[in-house]
Amino acid sequence: VVVASTSKSALSEATSRVTMPPASEETTAMDVEATTTAVTPEAAADPLREALEAADQVAALTPDAAADAYMAIVTAEERDDDAGVKVKEEALYQLTRILVKQRQFESVMGLLQNANVFFERIAKAKTAKIVRTVIEIVSAAEGALEVQISLCRQVVAWCTEQKRSFLRQRIQSKLAALLFKAGEYQPAMALIEKLLKELKKLDDKQVRFWCLLRLVLLVLVVGCCWCGGTAARAWCGCGCWCW
């Protein structure tokens, strides 16, 4: 009993002398970081994205009611960051689809005009992409060729007023293709010739090359249908290799 008691006393004394090693700075930092991460609240949801999702849900049931919600998103002035621009772009496309589905084609140009404040705050290249996409959405409607031609002409006038030369030239190229599709070969050729004169003056050689190439191919197609290709031969001045 004495031996057992002595052993127990010695064990207790030895245990009391054992001390834990101090925590390293790295370990302490990791513990603090883990604690901080654990208590940090989740990132707040994007209210503009939530508004778009809510508008999508409304559009599935009553498209007319969702139109105002989409327009409010597009014209929201407080968001010009990348995420906000993307949400506004999606809202603009969704609203265009609603108008096209209801065949309210005359309202599409009004939509672009109302979005002019938004266009002024984003890059011109982004504006050009959005406008071209809107026209493509309209082109998906059955029997909307004349509507596309009218819309392109309105957009060209708007671009001229806003001094957006690059976008105007792109839309005029689209307009020439639509005129050709509608069988209006002479107006299409006249528009192409006007564009070619402008494009030859561009400083950017690479852009000029591809724009000219696209127009030359278009004029050959138009000329092939107009007067059996005689007009295109006279225009290009060769009359041999391209035929």
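A. Layout of the overall build of the protein. Each helix and strand in the protein was counted, giving 13 helices and zero strands. With 243 residues in all, the protein has 34% of them scored as buried. For the protein, the accessible area works out to roughly 15000 Å², and carbon and sulfur atoms hold 58% of it.

B. Spatial organisation of helix H5 (residues 82-101). For H5, spanning 20 residues, the distance from its first C-alpha to its last is 29 Å, which sits close to the expected 28 Å at 1.5 Å a residue. Where H5 begins, the side chain of Asp81 points an oxygen toward the backbone nitrogen of Ala83, at a separation of 3.2 Å. Once H5 finishes, Arg103 follows within two positions and takes phi at roughly 60°, a positive value.

C. Fine view of unusual backbone geometry. Positive phi values are uncommon outside glycine, yet Arg103 reaches one of about 60°. Here Arg103 is to be found in the loop between H5 and helix H6 (106-114). At Lys163, a residue that is not glycine, the phi angle is positive and equals roughly 60°. With respect to the secondary-structure elements, Lys163 resides in the loop between helix H9 (145-162) and helix H10 (165-181).

D. The arrangement of the packing of H10 against helix H11 (residues 185-199) in detail. Contact geometry of H10 with H11 gives a least axis separation of 8 Å together with a crossing angle of 155°. Taken together, the axes of H10 and H11 are roughly antiparallel relative to one another. Handedness of the crossing formed by H10 with H11: left-handed. Residue-level inspection shows Arg168, Gln169, Gln172, Ser173, Leu175, Ala176, Leu179 and Phe180 of H10 in contact with H11, the latter providing Tyr185, Pro187, Ala188, Leu191, Ile192, Lys194, Leu195, Glu198 and Leu199. Class assignment of the residues belonging to the contact of H10 with H11 gives a composition of eleven nonpolar, three polar and three charged.

E. Layout of the side chain of Thr127. Its location among the elements puts Thr127 in helix H8 (residues 124-139). Excluding residues within four positions of it along the chain, Thr127 makes contact with Phe119, Ile122, Trp158, Arg164 and Leu167.

F. Highlighting the pattern of salt bridges. Tallied over the full model, the rule gives four salt bridges. Two residues, Lys174 and Glu136, come together in a salt bridge whose shortest N-O distance is 3.1 Å. Placement of the pair is Lys174 in helix H10 and Glu136 in helix H8, with a sequence separation of 38 residues. The partly exposed category is assigned to Glu136, whose relative accessible area is 42%. Each of the salt bridges in this network shares a partner with another, and the network as a whole consists of Glu89, Lys126 and Lys129.

G. Molecular detail of the confidence of the model for the protein. Looking at the protein as a whole, the pLDDT averages 74, with 65% of positions reaching at least 70. Of all secondary-structure elements in the protein, the lowest mean pLDDT belongs to helix H13 (residues 230-236), at 44, while H5 reaches the highest, 93. Of the regions scoring below 50 in pLDDT, residues 25-30 engages in one contact with residues more than four places distant in sequence or in other chains.

H. Representation of the packing of H8 against H9. Viewed as axis vectors pointing N to C, H8 and H9 meet at an angle of 160°, and their least axial separation amounts to 9 Å. The angle between H8 and H9 falls in the class roughly antiparallel. Where H8 crosses over H9, the two elements pack in a sense that is right-handed. Contact residues: H8 offers Thr127, Val131, Ile135, Val138 and Ser139, while H9 offers Val147, Gln148, Leu151, Cys152, Val155 and Trp158. Its residues placed into classes, the contact of H8 with H9 shows eight nonpolar, three polar and no charged.

I. Quick look at the side chain of Asn116. On the secondary structure map, Asn116 appears in helix H7 (residues 116-120). Aside from chain neighbours lying at most four places away, what touches Asn116 is Trp158 and Gln162.

J. The arrangement of the packing of aromatic side chains in detail. Tallying each qualifying case throughout the model produces three aromatic pairs. Ring geometry for Phe180 versus Tyr185: centroids 5.9 Å apart, planes at 45°, classification tilted. A relative accessible area of 23% means that Tyr185 is categorised as partly exposed. In this structure an aromatic cluster arises from ring pairing among Phe118, Phe119 and Trp158.

Rules of the game
Residues numbered from 1 in each chain as written. Predicted model: local features only at pLDDT ≥ 70, side-chain atom pairs only at ≥ 80, totals over all residues. Heavy atoms only, no water. Helix = DSSP H or I, 4+ residues; strand = E, 2+ residues; numbered from the N terminus. Buried < 20%, exposed > 50% of the residue type's maximum accessible area, 1.4 Å probe, protein only. Areas by Shrake-Rupley, 256 points an atom, 1.4 Å probe, with all protein chains shown as cover. Expected span 1.5 Å × (residues − 1). Polar contact = N/O pair within 3.5 Å; in protein donor to acceptor, adjacent residues only side chain to side chain. Axes fitted to C-alpha atoms, helices over the stretch in contact; angles between N-to-C directions. Parallel < 35°, antiparallel > 145°, perpendicular 65-115°, else oblique. Left-handed = near helix turned anticlockwise from the far one by under 90°. Contact = heavy atoms within 4.5 Å. Nonpolar A, V, L, I, M, F, W, Y, C, P; charged D, E, K, R; others polar. Salt bridge = Lys/Arg side-chain N within 4 Å of Asp/Glu carboxyl O. pLDDT = per-residue confidence, 0-100. Phe/Tyr/Trp six-rings, centres within 6.5 Å; stacked < 30°, edge-to-face > 60°.

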